[in-house]
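Commentary on secondary and tertiary structure
What follows is the residue order along each chain.
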Amino acid sequence: MISIDINSDVGEGIGNEALLMPLISSCNIACGGHAGDEKTMREVLAFAKAYNVKIGAHPSYPDKENFGRSPMDISKKTLKESLRNQITILKNLAEESGLPLHHIKPHGALYNKAATDEETAMIVIETVHSIDENLALYVPYGSLIARLARPRLKTIVEGFADRAYNSDYSLVSRSEYGSVLHDTKQVLAHVLSMVKDEILTTRDGKNLSFKIDTICVHGDTENALKILRNLHTELTKQGIQII
């Protein structure tokens, strides 16, 4: 049987977590860098616990003004300290609730920069490893951070259900038309190709090899709930287990 994890970025101020949690198997909780505070973290942790959803930290550049979607020119030390603080606060809150922290998924510009920049990738890897070497790290397919992390951490390779891709495996910039996928049929076809056929079809029509462990539907995508409900129904029909 084919199986796939479905994850979503949560705690970002949308307020739809109670509806999202029954439809996902892991979540990435904003922990103060681009969004979130102790109150929102506790609220989301409670929903995750109720629906037995795996807990992940979603650290970012410390940049709420730009929602973590712009690269920051900050020192290695400052970035490390920020990431450590973000992850640690969520880890402690999760453990207070009787929940283990399962994984780390960098957010936005940090995620994209770490995919191609060795210094940024190693900052993320070293910080996660220093907190808990048993934590998993969500990484993009074929990325530099995926290769560098594998000797030190468990890696979980991620694809995006609601985003278009370039032919170099990078995500199409959100500033470009068509970068975010909203049509449920288009998203389903995108996901089935990735999960069943291990093929990624890029925006310019190329078919690339693509083997992933988890699929992300962003919690702030306009019709995220509709997308997730359709995926649940149709993946089940296809004999694909959501784990």
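Structural data are supplied above this passage.
Residues numbered from 1 in each chain as written. Predicted model: local features only at pLDDT ≥ 70, side-chain atom pairs only at ≥ 80, totals over all residues. Heavy atoms only, no water.

1. Structural notes on the nonpolar core
Counting residues in hydrophobic clusters, the biggest one holds 73 residues, and the most contacted among them are Cys27, Ile29, Leu137, Val191, Leu231 and Leu235. Among residues more than four places away in sequence, those in contact with Cys27 are Ser8, Val10, Met21, Ala48, Val53, Lys54, Ile55, Gly56 and His103. (Core = buried A, V, L, I, M, F, W, Y, C linked by side-chain atoms within 4.5 Å. Buried < 20%, exposed > 50% of the residue type's maximum accessible area, 1.4 Å probe, protein only. Contact = heavy atoms within 4.5 Å.)

2. Quick notes on helix H2 (residues 38-50)
Compared with an ideal rise of 1.5 Å per residue, which puts 13 residues at 18 Å, H2 spans 18 Å between its outermost C-alpha atoms and is within 8% of the ideal. Burial in H2 covers these residues: Met41, Val44, Leu45 and Ala48. Across the axial projection of H2, the buried residues extend over an arc of 105 degrees, all falling on one side. H2 presents Lys39 and Ala50 as exposed residues on the side facing more than 90 degrees away from its buried surface. As for H2, its buried residues are in contact with strand E1 (2-10), helix H1 (17-20), strand E2 (26-30), strand E3 (54-58) and helix H3 (76-96). Among the residues of H2, the N-terminal cap falls to Asp37, whose side-chain oxygen and the backbone nitrogen of Lys39 are separated by 3.1 Å. Directly beyond the C-terminal end of H2, a positive phi value near 55 degrees is found at Asn52. (Helix = DSSP H or I, 4+ residues; strand = E, 2+ residues; numbered from the N terminus. Expected span 1.5 Å × (residues − 1). Arc of directions from axis to C-beta. Polar contact = N/O pair within 3.5 Å; in protein donor to acceptor, adjacent residues only side chain to side chain.)

3. With respect to the state of the cysteines
All told, the structure shown has zero disulfides when counted by the stated rule. With no disulfide partner, Cys27 has as its closest neighbouring cysteine sulfur the one in Cys31, 11 Å distant. Note on Cys27: relative accessible area 0%, which makes it buried. No disulfide involves Cys216; its nearest neighbouring cysteine sulfur is the one of Cys27, lying 11 Å away. Among the residues examined, Cys216 registers a relative accessible area of 0% and is labelled buried. (Disulfide = S-S within 2.5 Å.)

4. Some points on the packing of helix H4 (residues 108-116) against helix H5 (residues 118-131)
With their axes 6 Å apart at the nearest point, H4 and H5 run at an angle of 115 degrees to one another. With respect to H5, the axis of H4 lies roughly perpendicular. Judged by the twist between their axes, the crossing of H4 over H5 is left-handed. Seen from H4, the contacting residues are Leu110, Lys113, Ala114 and Thr116; seen from H5, they are Glu118, Thr120, Ala121 and Val124. Classifying every residue of the contact of H4 with H5 gives four nonpolar, two polar and two charged. (Axes fitted to C-alpha atoms, helices over the stretch in contact; angles between N-to-C directions. Parallel < 35°, antiparallel > 145°, perpendicular 65-115°, else oblique. Left-handed = near helix turned anticlockwise from the far one by under 90°. Nonpolar A, V, L, I, M, F, W, Y, C, P; charged D, E, K, R; others polar.)

5. Some words on the pattern of salt bridges
A side chain of one charge can pair with a side chain of the opposite charge if their charged atoms are brought near each other. Across all of its chains, the model carries twelve salt bridges by this definition. Between Arg203 and Glu176 there is a salt bridge; the shortest N-O distance is 2.9 Å. Here Arg203, found in the loop between strand E7 (199-201) and strand E8 (207-209), pairs with Glu176, found in the loop between strand E6 (154-160) and helix H7 (184-196); they are 27 residues apart in sequence, far enough to count as distant. With a shortest N-O distance of 3.5 Å, Lys237 and Glu234 are connected by a salt bridge. Taken as a pair, Lys237 and Glu234 lie in helix H8 (residues 224-237) at a separation of three residues, close to a single helical turn. (Salt bridge = Lys/Arg side-chain N within 4 Å of Asp/Glu carboxyl O.)

6. Thoughts on the environment of Glu96
Tracing the chain through its elements places Glu96 in helix H3. For the pair formed by Glu96 and Asp204, sequence separation is 108 residues and the distance between their alpha carbons is 47 Å. Among the polar contacts listed, one links the side chain of Glu96 to the side chain of Arg42, at a separation of 3.4 Å.

7. Looking at the environment of Leu225
Structurally, Leu225 is set in helix H8. Distance in space between the C-alpha atoms of Leu225 and Leu19 is 7.4 Å, their sequence separation being 206 residues. For Leu225, the residues in contact, after removing those within four places along its chain, are Leu19, Leu20 and Leu23.

8. Observations concerning the pairing of E1
Burial within E1 is extensive, with seven of its nine residues counted as buried. Of the pairings in the sheet, the one linking E1 to strand E10 (residues 240-242) comprises three bridges and is parallel in character. Across the sheet, Ser3 pairs through a bridge with Gln241, a residue of E10. Pairing of E1 with strand E9 (residues 214-216), which is carried by three bridges, proceeds in the parallel orientation. Bridge pairing in E9 places Asp5 opposite Thr214. As defined by bridge partners, E1 adjoins E2 across four bridges and the pair is classed as parallel. Paired with Ser8 across the strands is Cys27, a residue of E2. (Pairing = 2+ DSSP bridges.)

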